[in-house]
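Results of the structural survey
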Amino acid sequence: MAYYRQLGVVPQQRHTLLRDEDGKVLYEELMGEEGFSLDSALLYHRHIPSALVGTGSWDVGDQTLVPNDPLLPRHLLLHDLFDQGGVSELDAVTGRRLLLGNGDVRIAYAHVGKTSPLYKNGIGDECVYVERGSALVETQFGPLEVAEGDYIVIPRATIHRWVLRDGEDARLYFIEANSHIAPPKRYLSRYGQLLEHAPYSERDLRGPSELLQREGGDVELYIKHRGRGTSGIQGTIHVLPHHPFDVVGWDGCLYPYVFNIRNYMPLTGKVHQPPPAHQVFEGHNFVICNFVPRKVDYHELAVPVPYYHSNVDSDEIMFYVDGDYEARKGSGIGKGSVSIHPGGHPHGPQPGAVEASLGAEYFDETAVMVDTFRPLDLGETALAVDDGVYASSWTGGRWLAEVRR
């Protein structure tokens, strides 16, 4: 993250000896990005952090991706994915299912009711949006409470687990990068401070405020990492001789943090604002935007819903979370829907939405959008919950037979 934090005990100078209250040597770990030339944190452990006593395989689930062929806009019904009766047996690590992906980012979804195993993503950062419910995310940096409307950004290789309370469940939308996820560069000063024109500030970001101390031996850690096979993704289980939540202090600019979508200050204008006005985070070859309740355009001839647009460089993935999305009335879009609009294909309001929006002063809608600059392929989950009719929604359901050449 852009600014420095410190928790617990750290030595006055970096890379110098630190002992605990009993005089035992503590072990310093430098966790750094881009070959230690970008953000980093120094963590001080009671035990050697690289120690292993066993290993095993972890089946990360079906990571198969197939092209969006024939190329179509699509509508996915995420709430049809999970049987309510089976949610109590699913967790946020092993229970997530792949929706979409490419070489830069993967989008997954889960409805969970059980505490997850310890986990770290060795491929890239994760940004997880909490659609519904709440959880405690325990990390080696400390715990973070998350609830409905929260994004939690978890840096690559951060050991963590999702703790669900008895009888509670959560719906989670996962954006897994092959890179790092951060605020857009245009929101940041030369030295990393969020600028005045940014739609949020450091005051809105919640980092860990206390440390975790856990005891135990032969602890299993699930790791997602690059590997062989068609997906290039593999899972391994490491057995650790000591619990990894043994950090007595850390400092630096690299740590997990939480941002709630309700604290996003939407940028509005006299006429309809383009999608970059809604951006919240970015990764390599993709951006994350959010649409929140807001006053809409105030020109006397303004059309509040989006104009038809062809995003020639990227696929647009919209996850509809809450409210009444004006541009999609009549298309079956509702809470828990995901729309896929492929790059270069013009899309926009459903028939009648332009006329219905005239004179509107406020939109009550919440959505999370991911735009990717390489085409997204479909995971097994997308194929399972595609409604099969969304592409015809602009023509009142009229659809011709398949044409072959």
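Residues numbered from 1 in each chain as written. Predicted model: local features only at pLDDT ≥ 70, side-chain atom pairs only at ≥ 80, totals over all residues. Heavy atoms only, no water.

Another point: the overall build of the protein. Within the protein one finds two helices and 27 strands. Over its C-alpha trace the protein gives a radius of gyration of 22 Å, about what one expects of a compact globule, namely 22 Å for 405 residues. Seen through its C-alpha atoms, the protein measures out along the principal axes to roughly 75 × 45 × 40 Å. For the protein, the proportion of its 405 residues judged to be buried stands at 52%. (Helix = DSSP H or I, 4+ residues; strand = E, 2+ residues; numbered from the N terminus. Rg over C-alpha atoms; globule rule 2.2 N^0.38 Å. Buried < 20%, exposed > 50% of the residue type's maximum accessible area, 1.4 Å probe, protein only.)

Moving on, we come to the nonpolar core. One finds Tyr-151, Tyr-173, Phe-281 and Ile-288 to be the most contacted residues of the largest nonpolar core, which totals 52 residues. Excluding anything up to four places from it in sequence, Tyr-173 contacts Leu-78, Leu-99, Ile-107, Ala-108, Tyr-109, Cys-127, Val-128, Tyr-129, Ile-317, Phe-319, Val-338 and Val-368. Formed by 18 residues, the second largest nonpolar core is a distinct cluster that contains Val-128, Val-137, Leu-164 and Ala-170. (Core = buried A, V, L, I, M, F, W, Y, C linked by side-chain atoms within 4.5 Å. Contact = heavy atoms within 4.5 Å.)

A word on the sheet that holds strand S2 (residues 27-32). Read across the open sheet, the four strands follow the order S1-S18-S3-S2; overall the sheet is antiparallel. The two strands at the open ends of the sheet, each matched to only one other strand, are strand S1 (5-8) and S2. For this sheet, the mean angle separating the axes of adjacent strands, direction not counted, is 15 degrees. Inspection of the sheet shows S2 paired to strand S3 (residues 40-45) by six bridges, in the antiparallel sense. What sits directly across from Leu-30, in S3, is Leu-42. (Pairing = 2+ DSSP bridges. Axes fitted to C-alpha atoms, helices over the stretch in contact; angles between N-to-C directions.)

Positionally, His-341 belongs in strand S24 (residues 337-341). Among the polar contacts made by the side chain of His-341, one reaches the side chain of Tyr-390 at a distance of 2.8 Å. If we skip the residues at most four places from it in the chain, His-341 touches Pro-73, Ser-314, Asp-315, Glu-316, Arg-328, His-347, Tyr-390 and Trp-394. (Polar contact = N/O pair within 3.5 Å; in protein donor to acceptor, adjacent residues only side chain to side chain.)

Tallied over the entire structure, the rule returns 19 salt bridges. Here Arg-206 and Asp-150 are joined by a salt bridge, their closest N and O atoms 3.2 Å apart. Residue Arg-206 is located in strand S15 (residues 205-206), and its partner Asp-150 is located in strand S12 (residues 150-154); the two are separated by 56 residues in the primary sequence. When its relative accessible area of 35% is taken as the criterion, Arg-206 is described as partly exposed. Because the salt bridges share partners, they merge into one network encompassing Arg-96, Arg-106, Glu-126, Glu-176 and Lys-224. (Salt bridge = Lys/Arg side-chain N within 4 Å of Asp/Glu carboxyl O.)

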